[in-house]
Amino acid sequence: MKSTTKKIIALLLVIAAVAAPLAAQAKKYPTKAVEVTCLFGPGSAADLIARKFSDLAQGYLGQPLPVVNRTGGGQAIGYNYVKNQRPDGYNIIWTSNGIFTAYYQGNIDFKHEAFTHIAQVSYEPVSIAVKADAPWKTINEFMDYIKANPGKVRIGNSGAGTFTHLTAAAIENETGSRVVHVPFGKGLAFASLLGGQIEATIQLPSEVEGQYKAKQVRILAVTGADRVESMPDVPTLKESGYPLELILWRGLAVPKGTPADIVQTLVETTKKVVESQAFKDFAKTVAIVPSFKTGAEFQAFLDQDDKTNAVLMKQTGTSNR
Amino acid sequence: MEAILQAFGSALQLNVILMMILGAVVGIVFGAIPGLTYSMGIILVLPLTFNLDPLAAITLLLGVYVGGMTGGSVSAIILGIPGTPSAAATCLDGHRLAKEGKAGKALGTAVLSATIGGLISVVILVVVAPIIAKFALKFGPAEIFALVFFGFSAIAGISSGKVIKGLISGMIGLLVMTMGMDPVMGVKRYTFGSINLLGGVDVLSFMIGMFAIPQIVEAFATDESGIKRKLDTNVSMAFPTIKEIKALSGTILKSALIGVGIGAIPGTGGPIAAFLGYDQAKRKACSDEPSLECVAGPEAAHNGVTGGALIPMLTLGIPGDPATAILLGALLIHGLKPGPLLFQENSGFVYGIYATLFIINILVFSIQSFGIRFFVKVLDFKKSYLYTTIMVLCVIGAYSSHNNMFDVFTMFAAGLIGFFMQKYGFPVAPTILALVLGPTMEDSFRRALILSQGNFMTFISSPISIVFYAFTVFVLLSQVRRKKKTKKA
């Protein structure tokens, strides 16, 4: 009898032990905080948007999504960290075109295929700004000036191989001439523009909007398909006769191998956030365009963007591949 | 006048005052704990600001900024471990004074000078911001290089009389700084295939390690059971006397102006100002003995940066230092675009910022002077408890600077280097100076050459640069002369 009791107890214990994690698993994802890795420092555009996103997503997911800044190494540290996490949906990377920059510069050995992409959240064009008293009134005049003065015009960007640098390179291609690319840190390009050390700077609309409205700078063009809402009189490159469309996209990804149902939950949550009024209002204040893209459509877009980046980085000499 | 009264009116609303107090306390605590900086404090309270009205939000952030700048001096003086890179210069003489039993006095001087420096910077911000902003724009990469070059002349002053060893220490700092990706083209240097080294060496973790680890080792290596404590822990609060303040006033004023100037130039920041402030105080004091002057100098300078850094941010929308870059982002969230437009469309808000900044400085002063008596009590703890706690805080601080365990290893490695450097009489301050100035120097040097398309004449083509080179020569010559004098005597 005694041994039977023991056996029953043992059996119950085993069942309990096996069932406990099962029960835990049965609870719907997420059961704890979901970490969002941001590759840029606090206060940066990427960081601000990520924080707003996670703030809103918490309302739909029911768990907090703390944003953790893992900066440095040309984004390599952050991408590498998330890639090596368990694919359980509790580590999300706040990604962008930057993944191609990091790959082609040789900082990381993987591209977008290393992640399962949840969705695109937003995009923003960049703007080409010159000083308010500069002689060029339109982008066409500026392009002609570059053509007539090869190797003279200095254009500031936010770092070698970054999106703003590649945009300048694409513009350079349109003129068939050469410009001097000057890499700057955050905010410094603008100081040099006003100080007259560079002729133009390529920056995110949110970074120049204030100075544009105060008429310190003139914005010659924006690089998206449509005009920017807060700068209605600035034409796009396409309108001005240059067949270029360059946008900086931002989105979410998780390590490859994350279960499909978890990915689905995240896709749905992202959709809800991006389409919410709160996010739309926020987007206006930081001059980004909310844009939801997922699945095959997003994948095709990424593959295309990969090719564009590869070409431009080779051209600018920033590619090590 | 009416605008000012209105500004103070809006600054004295209950919610704004509460945010000031909260911000100041968070800032002081983050500044005082080695490894936690005001930047982290700002990040921590950032989400809180989303739901506040704009003035309360910016007040909270400014409170952390100003509180954190001054809070760093507490651990620098009492423990010999700077709470923030800006406090590294304060640590030099401040901690030696503390060892002589003058911790309270040193702290009092630090707090007082920091507050005066802060207030001077606010006044300058209010009165002549647009003019200074215009002048600051003249600082292109070539001029910033000249300024930083001048900053390196401070090595002679902070080497405690051992100039050769100081220079070697500086070179170690520069060498360490070159690790990682270069700032211009992203070329990998000394990374040994490690992704973590790609990010370079984290200055904050390295600095904590260099200052803290040797202290901790020393604390545990000495048997204190039989030794009577030399430190005078009864000091509660000791502000400098009127006579001392009079003697210090020149240094404080000069350092505050240095701070405002450095703060206003985009791409520089607190640590540079602090070292320059220390250097000019040391030259005035003209002795290797620790002096209150050399505590007042760096403190007034780096707190002068607070108002200075806001000058380009508010007038041009360009951040003057890393902390203001975060403030800029926070304002953006509230739909406020700093820049000339802010003055035109929201002048009330700008005046509100001025008023709160003024009050925050006084508030931080009151909290600090009230807190000194408690801060000093830290020394009452048994060393084994105290230093174990510090060790834990250092690890947390190093980890949280990038949320990366690698920075903790960096800290320990730096500690080992620092330990041997101190053992063999190499001053560690020049290493920190080089670590802080090095990246800016390299960055501006290379950018200047890109802009001039390789023409080296760019470095001496502007009067501003030439003035700084002249300063450098002057400082070095006066050092040489001092050395000769002391030899004769």
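Structure: above.
What counts as what
Residue positions are given per chain, counting from 1 as you read along its sequence in written order. To label them, take the chains in the order written and letter them from A, then take the ligands in the order written and number them from 1. With pLDDT at 70 or above as the cut-off, local features in this predicted model cover only qualifying residues; side-chain atom pairs require 80 or more to be listed or tallied, and sums for whole chains, interfaces and linings still use all residues. Only heavy atoms go into the side-chain values, all of them from the structure, while hydrogens and water stay out. Criterion for a disulfide: a pair of cysteine sulfur atoms within 2.5 Å. For every residue, the accessible area (1.4 Å probe, protein chains only) is compared with the maximum for its type, and the residue is labelled buried under 20%, exposed over 50%, or partly exposed between those bounds. Aromatic pairs are defined between Phe, Tyr and Trp rings, using the six-membered ring for Trp, whenever the two ring centres lie within 6.5 Å; interplanar angles under 30 degrees are classed as stacked, those over 60 as edge-to-face, and all others as tilted. Helix and strand assignments come from DSSP, with helices taken as H or I runs of at least 4 residues and strands as E runs of at least 2, each series counted from the N terminus. Note on contacts: a residue pair is in contact if any heavy atoms of the two residues lie within 4.5 Å. Note on terms: buried area is the combined drop in 1.4 Å-probe accessible area of two parts once they are placed together, counting the loss on both. The term salt bridge refers to a side-chain nitrogen of Lys or Arg lying within 4 Å of a carboxyl oxygen of Asp or Glu. For this analysis, a polar contact is any N or O atom pair within 3.5 Å, provided that within protein one partner can donate a hydrogen and the other can accept it, and provided that sequence-adjacent residues contribute only side-chain to side-chain pairs. Charged residues are taken to be Asp, Glu, Lys and Arg, nonpolar residues to be Ala, Val, Leu, Ile, Met, Phe, Trp, Tyr, Cys and Pro, and polar residues to be all remaining types, Gly included.

S.K.: What is the right way to read the state of the cysteines from this model?
M.R.: As used here, a disulfide is simply a covalent bond connecting the sulfur atoms of two cysteines. Residue and element names in this part refer to chain B. In total, this model carries zero disulfides over all chains according to the counting rule given. No disulfide involves Cys394; its sulfur sits 12 Å from that of Cys91, the nearest cysteine. Since its relative accessible area comes to 1%, Cys394 is described here as buried.

S.K.: So what exactly am I meant to see when it comes to the packing of aromatic side chains here?
M.R.: The relation between two aromatic rings is expressed through the spacing of the ring centres and the mutual angle of the planes. Applying the stated criterion across every chain yields a total of 27 aromatic pairs over all chains. Judged by centre distance (5.0 Å) and plane angle (55°), the ring pair of Trp136(A) and Tyr145(A) falls under tilted. When its relative accessible area of 9% is taken as the criterion, Trp136(A) is described as buried. The class for Tyr145(A) is partly exposed, based on a relative accessible area of 33%. The interplanar angle of 50° and the centroid separation of 5.3 Å between the aromatic rings of Phe145(B) and Phe445(B) together place this pair among those described as tilted. Separated by 300 residues along the polypeptide, Phe145(B) in helix α7 (residues 141–152) and Phe445(B) in helix α20 (residues 429–451) bring together distant segments of the chain.

S.K.: Can you help me understand the interface of chain A and chain B in this one?
M.R.: Tallying the contact residues gives 50 residues for chain A and 40 residues for chain B. Buried area between chain A and chain B, summed over both chains or domains, comes out near 3,600 Å², and the portion from carbon and sulfur atoms is 65%. Viewed at the interface, chain B and chain A are joined by zero salt bridges. Applying the counting criterion to the chain A and chain B interface returns eight residue pairs in polar contact (both at pLDDT 80 or more). Going through the elements one at a time, α2 (45–61), β2 (67–69), α3 (76–83), β7 (180–183), α7 (188–194), α8 (205–213) and α10 (277–285) of chain A are the ones with two or more residues in the side of chain A that touches chain B. Taken together, the residues of the side of chain A that touches chain B sort by class into 18 nonpolar, 23 polar and nine charged.

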